[in-house]
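Breakdown of the fold
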Amino acid sequence: MGTSNLIDGRAIAEQIHAETAQRIEKLKQRGIQPGLAFVRVGEDPASKVYVGMKERTSTRLGIRSLTRVLDEKTSEADLLTLIRELNVDPAIHGILVQAPLPSHIQASRVYSTVSPEKDVDGFHPVNVGKLMLGDSSGFAPCTPAGVQQLLIRSGVNTEGVEVVILGRGDIVGKPMAAILCQKGKHANSTVTICHSRTRNIAEHCRRADILIAAMGVAEFVKADMVKHGATVIDVGVNRVNDPAAKGGSKLVGDVDFAAIQPIAGKITPNPGGVGPMTIAMLMQNTVLAAEQLTEKAV
Ligand code: GUN
């Protein structure tokens, strides 16, 4: 099948960036530049890379970005104080606190403190609730929203199909299920969430027309777990030892790509599939936040 069944996340992300850039231009004509604040606590190497990529994309599109790096030992109270300052800063329309946070900080308190109107991650309980209710006035979390866009823009039908999601995390698995089981266009799927306590995971997977792997286990999905012609979306990013690689390790997804590409109807490469879409949706959410916050001010 060659490479024809690949879902090109980089190309689709660029389409979305082009749409976002047009909206930024419209804001600019009104004298508004969208502003996005990144908050990073500690020196987690992966978080540094992710925030760096998001900053660079912001700048490329004309979004003003501001990054606050706090010490690993920063108290929760100090982090909350910073978030409250950003909540009332009129130049900032979006706030992203990069996960994971150090264990002495309660993430749920942090995400509840971000103003729901600036919550471009979609982690605030108000936005989580709106997503469940199908209320589109909230912000959807970037990674699952990006996966839905990949499906839409590569012509994968979700209507009435069996979707199996591996992983029940708050950032991907749960919101992904909420998005695709919604009554409405580009949703209407029959959704199953599998997790570490699920019996016979392989059997569930084999039923899937769309299989979304987001549980964070390196190359968990093997060829005998995928139905011929299924769409396979790999959200995983796992660092594994590889003596042959530079630095002694490499990144792999949750899907055994080499074995599954020949079976899949469509499949995301990893990297180059879901990752760029997370950033594209973050930029889109930031522009939406700027539009909504500045409309109110008029
Ligand atoms: N860590 C992994 N994914 C994400 C994300 O989408 N947003 C934030 N803030 N942290 C993350």
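This report concerns the structure included in the present document. (Residues numbered from 1 in each chain as written. Predicted model: local features only at pLDDT ≥ 70, side-chain atom pairs only at ≥ 80, totals over all residues. Heavy atoms only, no water.)

Of regular secondary structure, the protein chain possesses 10 helices and 10 strands. Over its C-alpha trace the protein chain gives a radius of gyration of 19 Å, about what one expects of a compact globule, namely 19 Å for 298 residues. C-alpha atoms of the protein chain, sized along the principal axes, occupy 55 × 40 × 35 Å. The buried share of the protein chain, reckoned over its 298 residues, is 50%. For the protein chain, long-range pairs separated by at least 24 residues make up 71% of all intrachain contacts whose partners lie at least 6 apart in sequence. Total accessible area on the protein chain is roughly 14200 Å²; 54% of this is exposed by carbon and sulfur atoms. (Helix = DSSP H or I, 4+ residues; strand = E, 2+ residues; numbered from the N terminus. Rg over C-alpha atoms; globule rule 2.2 N^0.38 Å. Buried < 20%, exposed > 50% of the residue type's maximum accessible area, 1.4 Å probe, protein only. Contact = heavy atoms within 4.5 Å. Areas by Shrake-Rupley, 256 points an atom, 1.4 Å probe, with all protein chains shown as cover.)

Where helix α6 (residues 142-153) contacts helix α7 (residues 173-180), the two axes come as close as 9 Å, and the packing angle between them is 45°. In terms of their interaxial angle, α6 and α7 are classed as oblique. Handedness of the crossing formed by α6 with α7: right-handed. Within the contact between the two elements, α6 uses Pro144, Ala145, Val147, Gln148 and Leu151 and α7 uses Pro175, Met176, Ile179 and Leu180. For the contact of α6 with α7, the per-class residue count stands at 8 nonpolar, 1 polar and no charged. (Axes fitted to C-alpha atoms, helices over the stretch in contact; angles between N-to-C directions. Parallel < 35°, antiparallel > 145°, perpendicular 65-115°, else oblique. Left-handed = near helix turned anticlockwise from the far one by under 90°. Nonpolar A, V, L, I, M, F, W, Y, C, P; charged D, E, K, R; others polar.)

The next thing to look at is the pattern of salt bridges. If you walk through the whole model with that rule in mind, you get 11 salt bridges. One salt bridge connects Arg153 with Glu19, and the closest N-O pair in it is separated by 2.9 Å. One end of the pair, Arg153, is in helix α6; the other, Glu19, is in helix α1 (residues 9-29), and 134 residues separate them in sequence. Taking the relative accessible area as the measure of exposure, Arg153 reaches 28% and is therefore partly exposed. By relative accessible area, which is 35% here, Glu19 ends up partly exposed. A salt bridge links Arg207 to Glu162, with the shortest nitrogen-to-oxygen separation between them at 3.7 Å. Of this pair, Arg207 sits in helix α8 (residues 201-207) while Glu162 sits in strand β4 (residues 162-166), and the two are 45 residues apart along the sequence. (Salt bridge = Lys/Arg side-chain N within 4 Å of Asp/Glu carboxyl O.)

Each neighbour pair has its own omega, and for Ala99 with Pro100 the value is 0°, a cis peptide bond. By the secondary structure assignment, Pro100 is in the loop between β3 (94-97) and α4 (107-113). Asn270 connects to Pro271 through a cis peptide bond whose omega is 10°. Residue position: Pro271 is located in the loop between β10 (266-267) and α10 (274-297). Even without glycine at this site, Asn188 takes up a positive phi of about 55°. As for its position among the elements, Asn188 is in the loop between α7 and β5 (190-194). Although it is not a glycine, Glu219 sits at a positive phi angle of roughly 50°.

Before going further, it helps to examine the site of the ligand. If you check the shell around the ligand, you find Leu96, Val97, Gln98, Ala99, Asp121 and Phe123 and nothing else. Val97 places a main-chain nitrogen or oxygen 2.9 Å from a nitrogen atom of the ligand. The separation between a nitrogen atom of the ligand and a polar side-chain atom of Asp121 is 2.6 Å. Its residues placed into classes, the shell around the ligand shows 4 nonpolar, 1 polar and 1 charged. (Near = heavy atom within 4 Å. Polar contact = N/O pair within 3.5 Å; in protein donor to acceptor, adjacent residues only side chain to side chain.)

Remember that the coordinates give geometry; whether it matters functionally is a separate question.
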